[in-house]
Amino acid sequence: MPDIHIKDISPEVADRIKRIARDRGWPINDVVLHLLNQALGLEHADPPLPGDIARLTGTWEDEESRALHEAIEALRKLG
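Residues numbered from 1 in each chain as written. Predicted model: local features only at pLDDT ≥ 70, side-chain atom pairs only at ≥ 80, totals over all residues. Heavy atoms only, no water.

A.B. asks: I'm lost on the overall build of the protein chain in this one. Help?
C.D. replies: Across its full length, the protein chain holds four helices and zero strands. When the 79 residues of the protein chain are sorted by exposure, 11% land in the buried category. Taking contacts inside the protein chain between residues at least 6 apart in sequence as the whole, the part at least 24 apart equals 25%. For the protein chain, the computed accessible surface area is about 6700 Å², with 59% contributed by carbon and sulfur atoms. (Helix = DSSP H or I, 4+ residues; strand = E, 2+ residues; numbered from the N terminus. Buried < 20%, exposed > 50% of the residue type's maximum accessible area, 1.4 Å probe, protein only. Contact = heavy atoms within 4.5 Å. Areas by Shrake-Rupley, 256 points an atom, 1.4 Å probe, with all protein chains shown as cover.)

A.B. asks: What is the right way to look at the side chain of Asp23 in this model?
C.D. replies: On the secondary structure map, Asp23 appears in helix H1 (residues 11-24). Looking at Asp23, the relative accessible area reads 11%, which means it is buried. Here the side chain of Asp23 touches Arg66 through a polar contact of 3.0 Å, side chain to side chain. With sequence-adjacent residues up to four places away left out, Asp23 is seen in contact with Asp62, Ser65 and Arg66. (Polar contact = N/O pair within 3.5 Å; in protein donor to acceptor, adjacent residues only side chain to side chain.)

A.B. asks: Please explain a nonpolar patch on the surface as it appears in this structure.
C.D. replies: Together, Ile4, Ile6, Ile9 and Val13 give the surface a local cluster of nonpolar side chains, amounting to about 400 Å² of exposed area. In this fold, Val13 is placed in helix H1. The class for Val13 is partly exposed, based on a relative accessible area of 43%. (Patch = residues over 30% accessible without salt bridge, like charges linked within 9 Å, V, L, I, M, F, W, Y side chains within 5 Å. Salt bridge = Lys/Arg side-chain N within 4 Å of Asp/Glu carboxyl O.)

A.B. asks: What is the right way to look at the pattern of salt bridges in this model?
C.D. replies: As a working rule, side chains carrying opposite charge can pair if their charged atoms are close by. For the structure shown, the criterion picks out two salt bridges. Measuring nitrogen to oxygen at the nearest pair gives 3.0 Å for the salt bridge that ties Asp23 to Arg66. Taken together, the positions of Asp23 in helix H1 and Arg66 in helix H4 (residues 62-78) put the pair 43 residues apart, joining distant regions of the chain. Taking the shortest distance from any N to any O, the salt bridge between Arg76 and Glu73 comes out at 2.7 Å. Taken as a pair, Arg76 and Glu73 lie in helix H4 at a separation of three residues, close to a single helical turn. With a relative accessible area of 27%, Glu73 lands in the partly exposed category.

Written out as structure tokens, the structure reads:
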């Protein structure tokens, strides 16, 4: 597969890509590939993630995923 280098990404776009990667637990490269495929109408199924129950029952909105992530982190801090 060819590699493409993208320059001059705005801070807002870079921040959004990083947030999606963090929320989904994906590498940044996977997020960018997913977004490109989606924008070009070539969307493929999201790559499966070990232990990601959302993939078994459907998809979660970003807000739902973020809330779950925050709750898990809070529980980790208690332990």
